[in-house]
Structure formats: structure tokens, C-alpha cells
Amino acid sequence: MPSLKDLRNRIASVKATQKITKAMQMVAAAKLRRAQEAAEAARPYSERMGAVLANITQAVGGGGDAPALMTGTGRDDVHLLIVCTAERGLCGGFNSQIARLARDHIRKLLADGKKVKIICVGKKGFDILRRDYGALILERVDLREVKTLGFANADAIARKVIHLFNEGGFDISTLFYSQFKSVISQVPTAQQIIPAGAPSAAAEATDGGNAVYEYEPEPGEILSDLIPRNISVQVFRALLENAAGEMGAKMSAMDNATRNAGEMINKLSITYNRQRQAQITKELIEIISGAEAL
Amino acid sequence: MPEAFKFELVSPERLLVSEQVESVVIPGAEGEMTVMAHHAPVMTTIKPGVVTVKSAAGKEERYVVFGGFADIVPAGCTLLAESAVAVGDIDRADLARRIQEAREDAADAKDDQVRSKAEQFLSQLTTLESAIPPA
């Protein structure tokens, strides 16, 4: 049985923890709002990019001059996985969910006799995957110093990937990130970015979609300029969704932690009060029985 | 009074401009072009340069863009820029850094085609630098 003093100390320490988790929750809420705004601000660009890409692929008509980034190398021997996770923990199952999806994917590919290469974006995914597949990790992109996620960050990653592709480093590239559905739900997603494949026909109904375009320079040339850009945009979108998802997951994790701490304080307080009362009663009995004995 | 049309300037980070304008001057990859209402549908890549937007109210605004492309249809014009800032907010250090990078790219290009491309990009950047009045 812990003494009264022990209980008091315990309550004080849980209260201090609760204050910390509460503060973290509020910070995450504020950051979540900003991350959401950033994700929304980036949406018009990726939407228009999709529309333009659809228009232009229609114009090129899937001819032989489509760049390799779009059609692929024709093989699927070497896979490059880009696993995007958060830089920090304390956000529930967020990082482990993405890592699990990636791991399942890797296991399947390895079982099929494919070669796998990994690029980790974010520290947490690197930490998790390093244990099992450390030898496969080519590189780790550190975004810890980055305060606000800019397009330049995504562009740098995409450039690396494209450079590797041009050198024949891999055939198929898949991007792993967490799709931000809502504050309480983030869905880990695998998305193939190279070869990009033709955009779906549904995206073709843009304004003036059937107009006869003039192209400056040639459509093929624009397309080869556009595809790398589109990869950057996809990576950027994944990073933004991840940032928002991380903050959402952190917020709900910290909310849970705060609530648990509150429950613990209640239980400890009841034990503390009961024990104090028991001690008072015991002292009273001692005094009364002492007086009666006289 | 020329007719107004819808112009949008979008960078990956945000939507910069979305308004009715009279005319837009775009630094196209094969020469500058002025877009007005009912322009024939054109799609063009753009080089680093200055976009001049003349709004329907007659105000003129200038933006510096670094590459991207423009989608022009009779009803409007969408400019997707890799990065875009208002001329007043341009960070000269950033510009200098880009020029430095382009110079390095040109220096370690492996074949002639890549080199000529990199050099072209570099000259576009330096032209842009001299075109912007010092702050």
C-alpha cells in the first residue's frame, strides 16, 4: 500500500504529464489548421495539372514519342518505394500504419523475386523499416529542419527519383503516404507514380477540351516537360497530406492521453482520500478507546 | 474598352491570382505573347520571366515566374508556374542562388544537348535578373 506521500507525489506527476499532453494537443490543432490550409491551397494546381495533362495526352494520342517516364521501361524487375512518414512520433499509429503497408508491399515483391529499393522521407519510417530492410534503403530524406513545407522540398525529392530513373535505377516507382480523410481518419495509400500511365478519360472534360489546341513547342516536348513536373506535384501533395494527417493523428492521440491522465488522477484522488479518511478514523478510534479505558 | 477574360496564376503552393483581366503578357518558351479575350487555344511552356497582368480595372501588376506552362482557351487563361512571386517581393538572393545552380548545371552537363539546354536556361535567368529593377 503506497503511503499518503507517495500518492500525493504520484498525483502531482500525472497532473504535470496531463498538462504536457494538453499543450501538445493544442499545438497539434493549430498546426493541423495550417497544414489543412496548405493542402487546400495546393489543390488548384494539382487539379489543373491533371486537366492539362489529360488534354495533352489526348493530343499526343499515346504515340511512340511519349516519354519513358509515362510509358515505363516495359519491365517491372526493380521497384523503387518512396515511403513518406512523419519526422516525429507521438501521433498514434500514423507512422506504423504507413510502414506496415510498405512492408507488406515489400514482402510481396521480394516473394515474387523482384528487386526493391527504398527511399525514406521522414525519420520514423526510416527507423521502422531499417530493422527489416536496412540493406534496401538507398537514401533517407530529412525534412526535420523544414518549417513550412515548400514545393522546393518535393521538387528535390522528385528530381532525385527522376535522375535515378534516367540512369536505369528502377522500373516502377510507388509512393507511400497517408491520405488525409479527416482528423480522425488517415488512410495509408500506395500510389504508383512511374510510369505515370495515361490519366483517366473522366478527367478529359475540361473547358474547351475538344478545341483544337496549338502547341508551343511541340506536344511531345511539352509532355516531356510536364511529366517530371507532375511527379513533383504528386510528391508535394503526398507530403502535404502527410503533414495534415500527422497533425490530425497527433491531435487525437494527445486527446486520448489527456483523457487517460484525467481518469488516472480521479482514481488516484479517490484512493488518496479514502486512505486519509481511514487514517483519521484510526486515530479517532485510538483516542476514544484510550479515553474509555480510563 | 477591351473585353475582360478570366486569368488564373497558380503556383504549387497557392492560387495567386484569379480575376477578370484585360490582357496578360506571358513569357512563352518561343517568345513573349500577349493574351487577350477570345485567344485561340494555345498551350505553351514558359521560360523564367515577368508576367504582366492588366486587370479589368486598368491596374497593372507584374509577377516573376520561374518556368511552368500556360493553358490558353478562348474563355480564359491558366498559368501554372513552378514558382511565382510579385515583382515587389522578389528575393534577389534566391534569384542569385538559382543562377548559381544553373551555372553549375551548365558546367557539368554531359552531352551537348543537355549543355545547350542548361545554357539557355542560364541566359534566361540572367536576362531576368537584369530586367528587374534593383530594390
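Residues numbered from 1 in each chain as written. Chains lettered and ligands numbered in written order. Predicted model: local features only at pLDDT ≥ 70, side-chain atom pairs only at ≥ 80, totals over all residues.

## Details of the overall build of chain A
Note the threshold: The secondary structure listing takes helices from DSSP runs of H or I that are at least 4 residues long and strands from runs of E that are at least 2 residues long, numbered from the N terminus. Here the globule rule reads 2.2 Å times residues to the power 0.38, and the radius of gyration is calculated from C-alpha atoms. Each residue is classed by its C-beta neighbour count within 10 Å, where at least 20 other C-beta atoms makes it buried, 12 or fewer makes it exposed, and intermediate counts make it partly exposed; the C-beta atoms are placed from backbone geometry. We call two residues in contact whenever the C-beta atoms placed from their backbones are within 7 Å.
Looking only at helices and strands, one finds six helices and six strands in chain A. Along chain A, helices and strands appear, N-terminal first, in the series α-α-β-α-β-α-β-α-β-β-β-α. Its C-alpha atoms give chain A a radius of gyration of 28 Å, clearly above 19 Å, the size a compact globule of 294 residues would have. By its C-alpha atoms, chain A is 115 × 45 × 30 Å across when sized along the principal axes. The proportion of buried residues among the 294 residues of chain A is 33%. In chain A, the share of contacts with a sequence separation of at least 24, taken over all contacts with a separation of at least 6, comes to 80%.

## Observations concerning the confidence of the model for chain B
All names here are of chain B. Stated formally: Think of pLDDT as the predictor's per-residue confidence, scored from 0 to 100.
Here chain B averages 83 in pLDDT, and 96% of its residues register 70 or above. Helix H2 (residues 112–131) is the least confidently modelled element of chain B, averaging 76 in pLDDT, while strand E1 (residues 5–10) averages 90, the highest of any element. For this predicted complex, the interface confidence reaches an ipTM of 0.73, while the overall pTM sits at 0.82.

## A look at the sheet that holds strand E2 (residues 115–121) of chain A
All names here are of chain A. Threshold: Criterion used throughout: strands pair if DSSP finds at least two bridges between them. Comment: axis = line fitted to C-alpha atoms, over the contacting stretch for helices; angle = value between 0 and 180 degrees taken between N-to-C directions.
The strand order across the open sheet formed by five strands is E3-E2-E1-E4-E5, and the pairing between neighbours is mixed. Either end of the sheet is taken by a strand with one partner, and the two such strands are strand E3 (137–141) and strand E5 (186–194). Averaged over all pairs of adjacent strands, the angle between strand axes in this sheet comes to 20°, irrespective of strand direction. The sheet contact formed by strand E4 (residues 172–180) and E5 spans eight bridges and is antiparallel.

## A closer look at the nonpolar core
So the rule is basically this: Working definition: the nonpolar core is a set of buried Ala, Val, Leu, Ile, Met, Phe, Trp, Tyr and Cys residues, joined through C-beta atoms within 7 Å.
Judged by nonpolar contacts, the single largest core of 93 residues is most densely connected at Ile82(A), Val83(A), Phe176(A), Val235(A) and Leu79(B). Here this core gets 18 residues from one element, more than from any other, and that element is helix H6 (residues 219–293) of chain A. With near-sequence residues (within four places) excluded, Phe176(A) lies in contact with Leu81(A), Ile82(A), Val83(A), Cys84(A), Ile98(A), Leu101(A), Ala102(A) and Ala190(A). Of all hydrophobic cores here, the second largest spans five residues; its members include Ala102(B), Phe121(B), Leu125(B) and Leu128(B).

## Let's talk about helix H3 (residues 94–111) of chain A
Residues and elements named next belong to chain A. Spelled out, the test is: In this scheme, a helix's expected span is set at 1.5 Å multiplied by one less than its residue total. Taking the helix axis as origin, the arc is that swept by the directions to the C-beta atoms.
Along its 18 residues, H3 runs 26 Å from first to last C-alpha, staying within 8% of the 26 Å computed at 1.5 Å per residue. For H3, the full list of buried residues reads Phe94, Asn95, Ile98, Ala99, Ala102 and Ile106. When H3 is viewed along its axis, its buried side chains cluster within an angular range of 105° and face the same direction. Facing away from the buried surface of H3 by more than 90 degrees, the exposed residues are Asp104, Lys108 and Ala111. Buried residues in H3 make contact with strand E1 (78–84), E2, helix H4 (123–133), E4, E5 and H6.

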